[in-house]
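# Descriptive analysis of the structure
Below are the chains, spelled out letter by letter.
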Amino acid sequence: MIAFLLSKPGRYLLGALAALALLLAAYAYVDHRGYARAAVHYKGVIAAEHAAAATARNAEVERQAARQNEAKAREAERIAEMQAEADQLTKQIEELQREASEDPDAGRTALGAPSVRRINKIR
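Scoring rules and cut-offs
Residues numbered from 1 in each chain as written. Predicted model: local features only at pLDDT ≥ 70, side-chain atom pairs only at ≥ 80, totals over all residues. Heavy atoms only, no water. Helix = DSSP H or I, 4+ residues; strand = E, 2+ residues; numbered from the N terminus. Rg over C-alpha atoms; globule rule 2.2 N^0.38 Å. pLDDT = per-residue confidence, 0-100. Patch = residues over 30% accessible without salt bridge, like charges linked within 9 Å, V, L, I, M, F, W, Y side chains within 5 Å. Areas by Shrake-Rupley, 256 points an atom, 1.4 Å probe, with all protein chains shown as cover. Salt bridge = Lys/Arg side-chain N within 4 Å of Asp/Glu carboxyl O. Buried < 20%, exposed > 50% of the residue type's maximum accessible area, 1.4 Å probe, protein only.

Glancing now at the overall build of the chain. When helices and strands are counted, the chain shows three helices and zero strands. Moving toward the C terminus, one meets the helices and strands of the chain in the order α-α-α. Whereas a compact globule of 123 residues would reach a radius of gyration of roughly 14 Å, the chain reaches 48 Å, over 25% beyond that. Overall, the chain is about 145 × 20 × 15 Å in size when its C-alpha atoms are taken along their principal axes.

Structure follows, in structure tokens:
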């Protein structure tokens, strides 16, 4: 076997095997560098997508909070209006009750003009 390797065809075979080994080593090195570059590139792409998603999520949370605050402000305004209306109605009821208690014809079976006016105010 050693004699074959020392012969001219054996040397060609050894040279071809060495060249093949070098070619495989070069391919593995280049291939690994390509994978490493692709991994770095796509890790950057994924990080950018995560950052964009976080930014979008924060923007949506802020938008929802702003809308909720606007709705709460409208609700507080409407509650204040309703409270003012309720106070006005309470004052009107107290005034009508005071007038009814001061009416000299309160005990009569028929309604007098002041009683009719008080009833008409309620409508």
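Turning our eyes to something else, we now look at the confidence of the model for the chain. For any part of a model where pLDDT is low, the fine detail of the predicted coordinates should not be relied upon. With 92% of its residues at a pLDDT of at least 70, the chain reaches an overall mean of 85. Element-level pLDDT for the chain is lowest in helix α1 (residues 2-6), with a mean of 61, against a maximum mean of 89 in helix α2 (residues 8-102).

As for its position among the elements, arginine 78 is in helix α2. Considered as a pair, arginine 78 and isoleucine 93 are 15 residues apart in the sequence and their alpha carbons are 22 Å apart.

On to a nonpolar patch on the surface, then. Taken together, Leu13, Leu17, Leu20, Leu23 and Leu24 make up a surface patch of nonpolar side chains, about 480 Å² in accessible area. Within the fold, leucine 17 resides in helix α2. Under the relative-accessibility criterion, leucine 17 is labelled partly exposed at 48%.

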